[in-house]
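Fold and geometry: a report
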Amino acid sequence: MPSFSLPTVLVTGAASGMGQACATHFLDQGWRVIALDAAGSAHEHPNLVAVTADIRDEDAVREGVDGALGDGSLDALVHAAGIFPTSNLMDFDRERYQRIFDVNVLGTLNLCRVATRRMSPAGGAMLLFASVDAFAVSRNQLLYSASKAAVVSIAKSLAIELADQGIVVNAIAPGWVDTPGTRAGGRLEAGIQAVPLKRAAQPEEIAEWAWRLCHAPGYVSGETLCVSGGVIVR
Ligand SMILES: NC(=O)c1ccc[n+]([C@@H]2O[C@H](COP(=O)([O-])OP(=O)(O)OC[C@H]3O[C@@H](n4cnc5c(N)ncnc54)[C@H](O)[C@@H]3O)[C@@H](O)[C@H]2O)c1
């Protein structure tokens, strides 16, 4: 078990894509990382503790994080775990609605509550993963877009609610990012045709912004930063 005298971040979705890149970036910066994912961990590192938990289950998340932290506390939360199945008005059913909103919205609330309880008395930073779809919706992303609009709203509300505890809350809204999750969806190549920069972001580029917004958020609070290669302004 690593010592927790170094700053400590809880990263979710850490087994894949942007969460994995964020975990690597914080490790490279000398932080301790608690890497939480339903799928276990993709990393092995002396400063990393893996927690396997489903973010829909607050008790499981809390037990996993408490066990990993011991007497330590958190300095940051990077909450990247999320899902993005397609849906539209005529094909969605209650099961799909429940799954998307339970993972993307309830999961976000669960992580924020667990992290708040274990945040350092000196305060800290939370970064939630929204999406450009929260602002500029895509065809067949009805429920996903709505769930990510909720994440944008949660970041605003918690920025107010947690300010007295010295906790800064922001969100990041990526556009097209080249991750295993995006590739599984099969829409990446077509999607980047509409991106002014004509490429997808690499997960490491998003991790760099996640690091900045947690390490030195300064006066930025309650904001959602779009990192989209310009697709948001078209
Ligand atoms: N990839 C993109 O282009 C893109 C664009 C905008 C926003 N986002 C958002 O960014 C975040 C990361 O996306 P990504 O492409 O890196 O994802 P990804 O699919 O590559 O990885 C997501 C990780 O989250 C984990 N996860 C999913 N559901 C979970 C649950 N219930 N409990 C615990 N872990 C769970 C998965 O096991 C996986 O390791 C997501 O919230 C996604 O909605 C992605």
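Above: the structure in question.
Per chain, residues are indexed from 1 in the order of the written sequence. Restriction of local features to residues with pLDDT of at least 70 applies here, the model being predicted, together with a cutoff of 80 or more for giving and counting side-chain atom pairs; totals for whole chains, interfaces and linings are based on all residues. Only hydrogens and water are set aside when side-chain values are computed; all heavy atoms of the structure are taken into account.

Once that is clear, we can look at the overall build of the protein. Going along the chain from the N terminus, every DSSP run of H or I of four or more residues is numbered as a helix, and every run of E of two or more is numbered as a strand. On a plain count of helices and strands, the protein comes out with seven helices and seven strands. If you list the helices and strands of the protein from N to C, you get β-α-β-β-α-β-α-β-α-β-α-α-α-β. Its C-alpha atoms give the protein a radius of gyration of 17 Å, within 12% of the compact-globule value 17 Å for 234 residues. Along the longest, intermediate and shortest principal axes, the C-alpha atoms of the protein span 50 × 35 × 35 Å. Only protein chains enter the area calculation, which uses a 1.4 Å probe; residues under 20% of their type maximum are buried, those over 50% are exposed, and those in between are partly exposed. Relative to its 234 residues, the protein shows a buried fraction of 52%. Between two residues, a contact is recorded if the distance between any of their heavy atoms is within 4.5 Å. Counting contacts in the protein only where the partners sit at least 6 residues apart, residues at least 24 apart contribute 70% of the total. Averaging the coordinates of the 18 positive side-chain charges in the protein and doing the same for the 24 negative ones gives two points 7 Å apart. Just to be clear, the radius of gyration here is over C-alpha atoms, and the globule rule we use is 2.2 Å times residues to the power 0.38. His residues and chain termini do not enter the charge count, which takes Lys and Arg as positive and Asp and Glu as negative. By convention, the point assigned to a charge is CZ for Arg, NZ for Lys, CD for Glu and CG for Asp.

Now for the packing of helix α3 (residues 94–118) against helix α4 (residues 142–161). The interhelical angle for the contact between α3 and α4, taken along N-to-C directions, is 15 degrees, at an axis separation of 9 Å. In this view, α3 runs roughly parallel relative to α4, as classed from their interaxial angle. Crossing hand, α3 versus α4: right-handed. Taken together, the residues of α4 that come into contact with α3 (itself represented by Arg 96, Tyr 97, Ile 100, Phe 101, Asn 104, Val 105, Thr 108, Leu 109 and Cys 112) are Leu 143, Tyr 144, Ala 146, Ser 147, Lys 148, Ala 150, Val 151, Ile 154 and Leu 158. Classification convention: Asp, Glu, Lys, Arg as charged; Ala, Val, Leu, Ile, Met, Phe, Trp, Tyr, Cys, Pro as nonpolar; all other residues, Gly among them, as polar. The class makeup of the residues in the contact of α3 with α4 is 13 nonpolar, three polar and two charged. Interaxial angles span 0 to 180 degrees and are taken between N-to-C directions of axes, which are lines fitted to C-alpha atoms, for helices over the stretch in contact. These descriptions rest on fixed angle ranges, namely under 35 degrees for roughly parallel, over 145 for roughly antiparallel, 65 to 115 for roughly perpendicular, and the rest for oblique. Each crossing gets its handedness from the near helix: less than a right angle anticlockwise from the far helix is left-handed, clockwise is right-handed.

For the rest of this paragraph, the subject is the pattern of salt bridges. Note on definitions: salt bridges are taken to be side-chain nitrogens of Lys or Arg within 4 Å of carboxyl oxygens of Asp or Glu. For the structure shown, the criterion picks out nine salt bridges. Across the salt bridge formed by Asp 54 and Arg 56, the nearest N and O atoms sit 2.7 Å from each other. The partner of Asp 66 in a salt bridge is Arg 118, with the nearest N and O atoms 2.7 Å apart. Note that Asp 66 is positioned in helix α2 (residues 58–69) and Arg 118 in helix α3, a separation of 52 residues in sequence. Connected through shared salt-bridge partners, Glu 58, Arg 113 and Arg 117 make up one network.

Attention now goes to the site of the ligand. For this purpose, a residue is taken to be near a molecule or strand whenever a single non-hydrogen atom of the residue falls within 4 Å of it. Surrounding the ligand, one finds 30 residues, the nearest of these being Ser 16, Asp 37, Tyr 144, Thr 179 and Thr 182. N or O atoms closer than or at 3.5 Å make up a polar contact, with two conditions inside protein: a donor-capable atom paired with an acceptor-capable one, and, for residues adjacent in sequence, both atoms drawn from side chains. Contact between the ligand and Ser 16: an oxygen atom at 2.7 Å from a side-chain N or O atom of the residue. With respect to the ligand, the backbone of Ala 38 contributes an N or O atom lying 3.1 Å from a nitrogen atom. Calculation on the ligand without its partners gives an accessible area of 830 Å², and the protein chains cover 89% of this total. Elements with a minimum of two residues in the shell around the ligand: α1 (17–28), α4 and α5 (180–185). A per-element tally of the shell around the ligand places α5 first, with three residues. The Shrake-Rupley method, run with a 1.4 Å probe, gives the accessible areas here. Residue values count only the displayed protein chains as cover.

Attention now moves to the side chain of Asp 37. For Asp 37, the position within the fold is in strand β2 (residues 32–37). Buried Asp 37, no salt bridge; nearest opposite-charge side chain is Arg 56, N-O distance 11 Å. Side-chain polar atoms of Asp 37 contact the backbone nitrogen of Ala 14, separated by 3.2 Å. Those residues in contact with Asp 37 that sit more than four places away from it in its chain are Gly 13, Ala 14, Ala 15, Ser 16, Val 51, Thr 52 and Ala 53.

To count toward a patch, a residue needs a relative accessible area over 30% and no salt bridge; like charges are then connected within 9 Å, while nonpolar side chains (Val, Leu, Ile, Met, Phe, Trp, Tyr) are connected within 5 Å. Taken together, the side chains of Leu 89, Met 90, Phe 92, Tyr 97 and Leu 142 make up a nonpolar region of the molecular surface, amounting to roughly 550 Å² of accessible area. Along the chain, Tyr 97 falls in helix α3.

A few words on the pairing of strand β6 (residues 167–174). For β6, the buried fraction is high: eight of the eight residues fall into the buried class. Where burial is concerned, the two faces of β6 agree: the one with Ile 167, Val 169, Ala 171 and Ala 173 and the one with Val 168, Asn 170, Ile 172 and Pro 174 are both buried. As paired elements, strand β5 (residues 124–129) and β6 share six bridges and run parallel to each other. Paired with Phe 129 across the bridge in β6 is Ile 172. A clockwise course of the path from the first strand over the helix to the second, judged with the strands pointing away from the viewer, identifies a crossover as right-handed. The β-α-β motif built from β5, the intervening α4 and the parallel element β6 has right-handed crossover chirality. Bridge analysis of β6 against strand β7 (residues 224–227) gives four bridges, and the strand direction is parallel. Each residue of the ladder has a partner; that of Ala 173, found in β7, is Cys 226. The pairing criterion for strands is at least two bridges between them, as found by DSSP.

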